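Notes for the structure review
The primary structure of each chain is shown beneath.
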Amino acid sequence: MSCRFLTIDDVALVGDLDLAATLATIPADFTTKGMFFTRYVAALGAEWEALLPSLIEPAKHGQYYAFESYPLRDYVRVFDRVARARFPGSPREAFRLLARGEVEVFAESTLGKVTFSLLRDPGGALLRFPDIFKVVARASDCRAVRLGERRVAVTYPRYHGSIEVGLGLVEGLVQTFDEHPRVEVTVAHDRRVVYDVAW
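A brief report on the enclosed structure follows. Note on numbering: residues in each chain are counted from 1, in written sequence order. The predicted origin of the model limits local features to residues at a pLDDT of at least 70 and limits the giving and counting of side-chain atom pairs to 80 or more, whereas totals for whole chains, interfaces and linings rest on all residues. Side-chain descriptors were evaluated using all non-hydrogen atoms of the structure, hydrogens and water having been removed beforehand.

The subject of this paragraph is the packing of helix α4 (residues 72–86) against helix α5 (residues 91–108). Helix axes are fitted to C-alpha atoms over the stretch in contact, other axes to C-alpha atoms as well, and angles between N-to-C directions run from 0 to 180 degrees. Starting at the N terminus, helices and strands are each numbered in turn, a helix being any DSSP run of H or I of at least four residues and a strand any DSSP run of E of at least two. Running from N to C, α4 and α5 point in directions that differ by 110°, and their axes come no closer than 9 Å. One element, α4, and the other, α5, form an angle in the roughly perpendicular class. Residues Tyr75, Phe79, Asp80, Val82, Ala83, Arg84 and Arg86 of α4 pack against Pro91, Ala94, Phe95, Leu98, Ala99 and Glu102 of α5. Considering only residue class, the contact of α4 with α5 consists of nine nonpolar, no polar and four charged. When describing relative orientation, an angle under 35 degrees is termed roughly parallel and one over 145 degrees roughly antiparallel, while 65 to 115 degrees is termed roughly perpendicular and anything else oblique. Whether two residues are in contact is decided by their heavy atoms: any pair within 4.5 Å suffices. Each residue gets one label: Ala, Val, Leu, Ile, Met, Phe, Trp, Tyr, Cys and Pro are nonpolar, Asp, Glu, Lys and Arg are charged, and the others, such as Gly, are polar.

Here's what the structure looks like:
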């Protein structure tokens, strides 16, 4: 199903999100780095044990190593549980808001500190996003092109996972530079996704 919608950073998305359908779009060999699991395991507390049976490759004692790769499907299951607990209401908005914080997680890593020391504005960060994404995840390919002085399009030829997470990531990059993103999201029937980001 194709759709197009415009977002402003302080206007909430509404609607539910089907976790099973989202997971079904993610190939089994897609992975992400352990740095993105750590704080969620801590946030889940006692709930972590209840989540373990649904995970493909749970870390022993919840100990994920920052630059080790773990199943992306596991990450989405953990992410879903934390997002819905932290931001009750619209699950779509919960995914978007929690994803914005992933930029901060990367920025606090050694590689992230080096990367962000070289970036001066949202445009530069968005143009580097495909390279950064390849370092932290084995997932959907994407590319970024500048469309104007304050506008960059990030395109996934075939997107896997939650559209709201992708939205939160590009918004988080823009917000890192104290700017306010406006994003036009286009989702084609073949899951080609474009985030047209302005600020």
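Another point: the sheet that holds strand β3 (residues 69–71). Strand pairing is assigned whenever DSSP detects at least two bridges linking the two strands. Taken in spatial order, the three strands line up as β3-β2-β4 in an open sheet, and their pairing is antiparallel. Each edge of the open sheet carries a strand with a single partner, namely β3 and β4 (137–138). Two strands pair when backbone bridges link them, and strand β2 (residues 31–33) and β3 are joined in this way by three bridges, in the antiparallel orientation. Paired with Thr31 across the bridge in β3 is Pro71. Against the sheet, α4 engages β2 and β3, with an angle of about 70° to β3.

Overall, antiparallel pairing links the five strands, which are arranged β1-β7-β8-β6-β5 in an open sheet. Each of the sheet's edge strands pairs with one partner strand only, and the pair in question is β1 (3–8) and β5 (143–148). Averaged over all neighbouring strand pairs, the angle between strand axes comes to 15°, with direction disregarded. Both β5 and strand β6 (residues 151–156) contribute to a ladder of five bridges, which runs antiparallel. Of the residues in β6, the one forming a bridge with Ala144 is Val154. Across the sheet, helix α8 (residues 163–175) lies against β1, β6, β7 (182–187) and β8 (193–198), angled at about 25° from β8, the strand it touches most.

Turning next to the side chain of His160. Relative to the helices and strands, His160 is located in the loop between β6 and α8. For His160, a relative accessible area of 19% translates into the label buried. Side-chain polar atoms of His160 contact the backbone oxygen of Arg158, separated by 3.3 Å. Not counting chain neighbours up to four residues away, the residues in contact with His160 comprise Thr25, Ile26, Pro27, Phe30 and Ser140. Partly exposed residues are those whose accessible area sits between 20% and 50% of the maximum for their type, while under 20% is buried and over 50% is exposed, using a 1.4 Å probe and protein chains only. Here a polar contact means two N or O atoms within 3.5 Å. Within protein one must be a hydrogen donor candidate and the other an acceptor candidate, and residues neighboring in sequence count only if both atoms are side-chain atoms.

Put simply, the largest pocket is a space of about 450 Å³. Forming the walls of the largest pocket are 17 residues, and the residues nearest its centre are Thr22, Gly161, Ile163, Glu164 and Arg191. Among the residues forming the lining of the largest pocket, the class breakdown is eight nonpolar, five polar and four charged. Computed over the protein atoms alone on a 1 Å grid, cavities are sets of points where a 1.4 Å probe fits but cannot get out and pockets are open sets with protein on both sides within 12 Å along at least five of seven lines; a residue lines them when it has an atom within 4 Å of a point. Grid points are joined across faces, edges and corners, and a volume is the space filled by probe spheres set on the points.

Turning to helix α2 (residues 35–44), its buried residues are Met35, Phe36, Phe37, Tyr40, Val41 and Leu44. Residues of α2 that are buried make contact with β2, α3 (47–51), β3, α4, α5 and α7 (122–136). With its phi angle positive at about 55°, Gly45 sits one or two positions after the end of α2.

With that settled, consider the environment of Arg92. As for its placement among the helices and strands, Arg92 is situated in helix α5. Relative accessible area serves as the criterion here: at 17%, Arg92 is assigned to the buried category. Between the C-alpha atoms of Arg92 and Arg150, which are 58 residues apart in sequence, the distance is 26 Å. Ignoring anything within four residues of it in the chain, the contact list for Arg92 reads Phe5, Leu13, Val14, Gly15, Asp16, Leu17 and Glu164. Among the polar contacts listed, one links the side chain of Arg92 to the backbone oxygen of Val14, at a separation of 2.9 Å.

On to α8, then. Each residue after the first adds 1.5 Å to the expected span of a helix. Its 13 residues place the ends of α8 18 Å apart at the C-alpha level, agreeing with the 18 Å of an ideal helix rising 1.5 Å per residue. The buried fraction of α8 amounts to 12 of the 13 residues, a majority that puts the element mostly inside the structure.

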